[in-house]
4 protein chains.
Amino acid sequence: MMDLTFSTVALLARDTDPDVEETVELLSALLLGRGLQVRVTAETDFADLPGVQSYAESELTEHCDLVIAIGGDGTMLRAAKLINRANLPLLGINRGRRGFLADLSPDELEQKMCDILDGEYLRESRMMLQATLHGSRHLKQQVHALNDVVIQRGATGQMLDFEVKVDGAYVNTHRGDGLIIATPTGSTAYSLSSGGPIMQPGLNAVAMVPICPHTLSDRPVIIPGNSCIDITIRHRFEADAFITVDGNMTDDFSNTDSLQVTQSIHRMTLLHPADYDYFEVLRSKLNWGHYGLPEKA
Amino acid sequence: MMDLTFSTVALLARDTDPDVEETVELLSALLLGRGLQVRVTAETDFADLPGVQSYAESELTEHCDLVIAIGGDGTMLRAAKLINRANLPLLGINRGRRGFLADLSPDELEQKMCDILDGEYLRESRMMLQATLHGSRHLKQQVHALNDVVIQRGATGQMLDFEVKVDGAYVNTHRGDGLIIATPTGSTAYSLSSGGPIMQPGLNAVAMVPICPHTLSDRPVIIPGNSCIDITIRHRFEADAFITVDGNMTDDFSNTDSLQVTQSIHRMTLLHPADYDYFEVLRSKLNWGHYGLPEKA
Amino acid sequence: MMDLTFSTVALLARDTDPDVEETVELLSALLLGRGLQVRVTAETDFADLPGVQSYAESELTEHCDLVIAIGGDGTMLRAAKLINRANLPLLGINRGRRGFLADLSPDELEQKMCDILDGEYLRESRMMLQATLHGSRHLKQQVHALNDVVIQRGATGQMLDFEVKVDGAYVNTHRGDGLIIATPTGSTAYSLSSGGPIMQPGLNAVAMVPICPHTLSDRPVIIPGNSCIDITIRHRFEADAFITVDGNMTDDFSNTDSLQVTQSIHRMTLLHPADYDYFEVLRSKLNWGHYGLPEKA
Amino acid sequence: MMDLTFSTVALLARDTDPDVEETVELLSALLLGRGLQVRVTAETDFADLPGVQSYAESELTEHCDLVIAIGGDGTMLRAAKLINRANLPLLGINRGRRGFLADLSPDELEQKMCDILDGEYLRESRMMLQATLHGSRHLKQQVHALNDVVIQRGATGQMLDFEVKVDGAYVNTHRGDGLIIATPTGSTAYSLSSGGPIMQPGLNAVAMVPICPHTLSDRPVIIPGNSCIDITIRHRFEADAFITVDGNMTDDFSNTDSLQVTQSIHRMTLLHPADYDYFEVLRSKLNWGHYGLPEKA
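Residues numbered from 1 in each chain as written. Chains lettered and ligands numbered in written order. Predicted model: local features only at pLDDT ≥ 70, side-chain atom pairs only at ≥ 80, totals over all residues. Heavy atoms only, no water.

Caption draft 1: View of the packing of aromatic side chains. Considering all chains together, one arrives at 8 aromatic pairs over all chains under this definition. Taking 5.9 Å as the distance between ring centres and 40 degrees as the angle between the ring planes, the aromatic pair formed by Phe6 of chain D and Tyr121 of chain D counts as tilted. Here Phe6 of chain D is found in the segment before strand S1 (8-13), whereas its partner Tyr121 of chain D is found in strand S6 (residues 121-134), with 115 residues between them in sequence. The ring of Tyr55 of chain A is capped by Arg39 of chain A, whose NZ or CZ atom sits 3.7 Å from the centre of that ring. (Phe/Tyr/Trp six-rings, centres within 6.5 Å; stacked < 30°, edge-to-face > 60°. Helix = DSSP H or I, 4+ residues; strand = E, 2+ residues; numbered from the N terminus. Lys NZ or Arg CZ within 6 Å of the ring centre and 35° of its normal.)

What follows is the structure, given as structure tokens:
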């Protein structure tokens, strides 16, 4: 290991939770004590911590060589959004309950953090998605996703009909509440709630998971990670639909738009403690082995 | 309450588990100390406990007015089988981890048991099923089930085609691994693993749940509890199938047999502590509220 | 049969579909030819048909003794909404493809319609739900549903936490996209897409089906039809949620509201051709027997 | 194309179906007419067809350069078993209803077959699995699978506990009816009935799909195609379990055995008509677009 020496670390956290605040304080002291520069977001209470530098969130990660998110997987996704164009490594410290992404626990924080600063860590590269929304006349938006790109119907109670092509080949016209395009990282998030499978992070694949499909045989389809997915709405009337990226509403999706989802040229670099074990995270988060059903007699 | 005074209690337990043995000892001393007669199975180690009477398992529950099963839900089902023709109440003490049926915990045993003997309990009547297997020429078997009657394919790897009628009306010819007919009590057992819904115990209904159905739209069907279900095998070749009742293999099921499942005239009377809460059991057994997935950002 | 003589019939249909228009023309001529009075909605093209009477939709069914919906199940639900306080029978004619509710086919229309007018029909009474939305200070709305009452999150991409009680007993705090409360009639609609079971129409039961639940063991629960369900939102922030009844958005659902769902005092009377077979409708609509998977070798 | 000239063709079919027989006759005449050598299985009625050569099934494919299976996907799997060590291309002609694998229809047989013999075809290479069963002291068996390797419990009604490792890392101890290890090709077979996703054939991945799992969060896991999966039984008593490969029972699986599943060094070469479209096969086989549910109003 020892391939990287960190010098400037950005901390990202919400300042509304006392447990998070305590962890940020502890962490900034630890990092400053080891001679590193520590940056926090200007608009937060953390800006008053001794020795830290405060920046607008949009500039927080510039010239840093490590980003640490303190909170849950939501904070990790926010951090991912900040850094997805840089090639910065991201480390997550959970707020008590371990996340799929924020896997460092507060009670082991000091020891594990020192090990990581000493170069004892695992470095993992995760694929991301790029979503490009084309309007009838112009490009409307291009965003990157660590977890998922979701097309969903709006609040009218009306199902959507939307057409999906993969690498130019027509797949299906789905009818239902929407469609999730998930990376392996996102396979344990919303996709799992909608019936999608768990995909090991190293898998080069993307899941297309229908949400509450009208047709019962309209099941999740797994395709190679470098596929190009094109989605358009096929609806008699003006559809009420929208696009969500990593859980944040991104844009409306109209009948004349087309959405293209491909593998992003960006990847997310996650740092884990050296004893990180993906399947152990799964077992813990999904209560595997805590049997929910009685043994048959 | 106070509507019942117990005088003779049958204890049913496996003698292979030290935790169970300890509970049986404690319980028999408590019951004997309150002047009750206590019966145990002759073939077990419990026959040596001071003051107890030992009987063959088949005669264990005769002239008793309470049966207590110590163990898991499997032991409860075994007890149910012993008493399903009598109208004896059944109480379950779990072996550490609470069951759906065995809901009294060892750590609260003494207090709760005394309350129950004082008449402080809930009495609940649960519906049972009757399964009648007709051969081509004669009645092969008639059994009663608290949880479920299951038709399953054998070990050949060959799917089954079996035809189902409800109250004489043709429903479907299922193709797949089998079919579960479950009571509300059984809805949280094998049926739940196969995609069936949870049914509140008081519901007068039966679930027909296909096992790994070939047709993806072949979904669980809930019918009134007093329905009459007829099942026959429709297979080109001699099928390799069998019938399981409450988790115990009961008989082979051949192409010329027909199986009729109806509500049993017997019901199971369960006793619960006075503070019994069905939904609390569900929450506890199914880890509800222990979220397995991360919050969306 | 012959228990009912129809004299005034209301026809409900959308006038945007040529197939529907043709059926309405044929049907009105047939009914008028048999001496019945025929009413149509004033705002539609059907108002110009010879011999018919036109009324505002809100008054269409007054003093009628039969309502006929021509279209799909959506039109049936619209008709149900119009008549759910009267005790009018409803007959559905589908637009080509049979519906779960609109089960009379155009190609058999004349013969079947004459049989029905001669008293050759089945009369079926279906349970309905009543949804009462209480605001913090006043009753906001009370509506009736033939299919389902649905609580759903809005377009923010944020999951909902909502607490459910049945007959005053706490069941669960669901986290996810929402919850469907479905009648047996609604069990083959949105509920089925969300993993709910099929419930035979005669069953006196209600399904509570979570939509994309965060907790994987948060499964459909079936409770007795006369249960009282109370739902409130438990969310840190002001939730963005709304209520849909039979597929129509009905109201916003705020953190200070509470929604009570019970069996309605109204029931829906459906008329079917004398040879109506519920399971045949299921087989046809769900493609049962059209196997979607290959036989195992 | 034109990269291959066929000279000797083996035909594999069951001789119990008149439709199949007719197709075999037509096909052998067509092939012989174009100067090719045609081989059939000696034990079948086809051995009497004029001009064909008959061989024992075990020698049928030796020195051939094309195998044609006539029947359903079951016949395709039988053909795959015969040729999985050779690098022979396999073409499937279905018996009326299109299969996932047998995708050439009888009504287009002559034209499509001539095109294929002229070199107008698609050549597709599908991954296979290798299953190695180690007994306590010796290798018990090694087999290859095009669809799936399945571990299942026997006819006792007793659930299995079995431990799974991937590339040496402990994944989970499953409790339930069994586990399916499926290739992308097998993802539309038994795996789909058990809740597994559809995987595009080109995906380099393997699905591990639990059968009726006791733990509701025990969901399908997709791992890279070159993973090494080790399975052992963890059961208090002697388990009653067996192994099925491509739908054929292969061996018992005892508590002291261990099963290793890896990617096979063999691959299956499928030939398709030039206009072959995988998604079109999916849409057709799974009735996509034949909506099974009514539109919400």
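Don't stop here, the text continues.
Caption draft 2: Looking closely at the packing of helix H1 (residues 18-33) of chain B against helix H3 (residues 109-117) of chain B. All names here are of chain B. Closest axis-to-axis distance for the H1/H3 pair is 11 Å, and the angle between their directions is 40 degrees. One way to sum up the angle between H1 and H3 is to call them oblique. The handedness of the crossing between H1 and H3 comes out as right-handed. Listed contacts from H3 to Thr23, Leu26, Leu27, Leu30 and Leu31 of H1 are Leu109, Glu110, Met113, Cys114 and Leu117. Residue classes in the contact of H1 with H3 are distributed as 8 nonpolar, 1 polar and 1 charged. (Axes fitted to C-alpha atoms, helices over the stretch in contact; angles between N-to-C directions. Parallel < 35°, antiparallel > 145°, perpendicular 65-115°, else oblique. Left-handed = near helix turned anticlockwise from the far one by under 90°. Contact = heavy atoms within 4.5 Å. Nonpolar A, V, L, I, M, F, W, Y, C, P; charged D, E, K, R; others polar.)

Caption draft 3: Structural detail: the interface of chain C and chain A. Counting from both sides, the interface comprises 22 residues of chain C and, opposite them, 22 residues of chain A. Carbon and sulfur atoms make up 51% of the surface buried where chain C meets chain A, a total of about 1,600 Å² over both sides. When residues of chain C are sorted by the area they lose upon contact with chain A, Ala155, Ser193 and Cys212 of chain C head the list and together hold 29% of the total. Along the contact surface separating chain C from chain A lie 0 salt bridges. At the boundary of chain C with chain A, the tally comes to 8 residue pairs in polar contact (both at pLDDT 80 or more). When residues of the side of chain C that touches chain A are traced back to their parent elements, those giving at least two are strand S8 (148-153) and helix H4 (190-193) of chain C. Top element by residues in the side of chain C that touches chain A is H4 of chain C. It accounts for 3 residues. Looking at the side of chain C that touches chain A, its residues break down into 10 nonpolar, 8 polar and 4 charged. (Buried area = accessible area lost by both parts, 1.4 Å probe. Salt bridge = Lys/Arg side-chain N within 4 Å of Asp/Glu carboxyl O. Polar contact = N/O pair within 3.5 Å; in protein donor to acceptor, adjacent residues only side chain to side chain.)

Caption draft 4: Quick peek at the domain arrangement of chain A. Residue and element names in this part refer to chain A. With domains assigned, chain A is organised as domain 1 (8-120 + 274-286) and domain 2 (128-265). Placing a centre on the C-alpha atoms of domain 1 and another on those of domain 2 gives a separation of 30 Å. Listed per partner, the contact involves 10 residues of domain 1 and 13 residues of domain 2. Both faces combined, the contact of domain 1 with domain 2 buries some 1,000 Å², and carbon together with sulfur accounts for 71% of it. On inspection of domain 1 and its partner domain 2, the count reaches 0 salt bridges. For the pair domain 1 and domain 2, the number of links is 0 residue pairs in polar contact (both at pLDDT 80 or more). Looking at the side of domain 1 that touches domain 2, the elements with two or more residues in it are helix H2 (73-83) and helix H5 (278-285). It is H5 that contributes the most residues to the side of domain 1 that touches domain 2, 3 residues altogether. Considered class by class, the residues forming the side of domain 1 that touches domain 2 number 8 nonpolar, 1 polar and 1 charged. (Domains from an automatic or database assignment.)

Caption draft 5: Spotlight on the interface of chain D and chain A. In this complex, chain D contributes 49 residues to the contact, which on the side of chain A involves 50 residues. Interface of chain D and chain A: buried area, both sides summed, is about 4,200 Å²; carbon and sulfur atoms make up 56% of it. Inspection of the chain D/chain A interface yields 0 salt bridges. Where chain D packs against chain A, one counts 18 residue pairs in polar contact (both at pLDDT 80 or more). Only strand S10 (169-176), strand S12 (198-199), strand S14 (221-224) and helix H5 (278-285) of chain D provide two or more residues apiece to the side of chain D that touches chain A.

Caption draft 6: The arrangement of the pattern of salt bridges in detail. Scanning the model with the defined rule gives 44 salt bridges over all chains in all. Between Asp161 of chain B and Arg175 of chain B there is a salt bridge, and its shortest N-O distance comes to 2.8 Å. Taken together, the residues span a long stretch of sequence, with Asp161 of chain B in strand S9 (residues 160-166) and Arg175 of chain B in strand S10 (residues 169-176) at a distance of 14 residues. Across the pair, exposure class does not vary: Asp161 of chain B and Arg175 of chain B are buried alike. Salt-bridge contacts for Asp257 of chain D lead to Lys140 of chain D; the nearest nitrogen and oxygen are separated by 2.9 Å. Taken together, the positions of Asp257 of chain D in the loop between strand S17 (248-253) and strand S18 (258-273) and Lys140 of chain D in strand S7 (residues 139-145) put the pair 117 residues apart, joining distant regions of the chain. One network of salt bridges, in which partners are shared, links Glu108, Lys112 and Asp275 of chain A. (Buried < 20%, exposed > 50% of the residue type's maximum accessible area, 1.4 Å probe, protein only.)

Caption draft 7: Spotlight on the environment of Ile231 of chain B. Residues and elements named next belong to chain B. The topology assignment puts Ile231 in strand S15 (residues 229-233). Separated by 119 residues in the primary sequence, Ile231 and Lys112 place their C-alpha atoms 44 Å from one another. Once residues within four sequence positions are removed from consideration, Ile231 is found in contact with Ile151, Phe162, Glu163, Val164, Leu179, Ile181, Phe253, Asp257, Ser258 and Leu259.

Caption draft 8: The sheet that holds strand S17 (residues 248-253) of chain B, seen in detail. Within the open sheet, the 7 strands sit side by side as S17(B)-S16(B)-S8(B)-S11(B)-S13(B)-S14(B)-S12(C). Their pairing is mixed. Single-partner strands in this sheet number two, and they are S17 of chain B together with strand S12 (198-199) of chain C. In terms of strand pairing, strand S11 (residues 178-182) of chain B meets strand S13 (residues 205-211) of chain B through 5 bridges, oriented antiparallel. Bridge pairing links Leu179 of chain B to Pro210 of chain B in S13 of chain B. (Pairing = 2+ DSSP bridges.)

Caption draft 9: Here's a closer look at helix H3 (residues 109-117) of chain A. All names here are of chain A. Turning to H3, its buried residues number three or more, namely Leu109, Lys112, Met113, Ile116 and Leu117. Down the axis of H3, the sector holding all buried residues measures 135 degrees, keeping them to one side. Looking at the buried side of H3, the elements it contacts are helix H1 (18-33), strand S4 (66-71), strand S5 (89-94), strand S6 (121-134) and strand S18 (258-273). Immediately beyond the C-terminal end of H3, within one or two residues, lies Gly119, with a positive phi of roughly 95 degrees. (Arc of directions from axis to C-beta.)

Caption draft 10: Inspection of unusual backbone geometry at higher detail. Its identity is not glycine, yet Asn287 of chain B carries a phi of approximately 55 degrees, on the positive side. Note that Asn287 of chain B resides in the segment after helix H5 (278-285).

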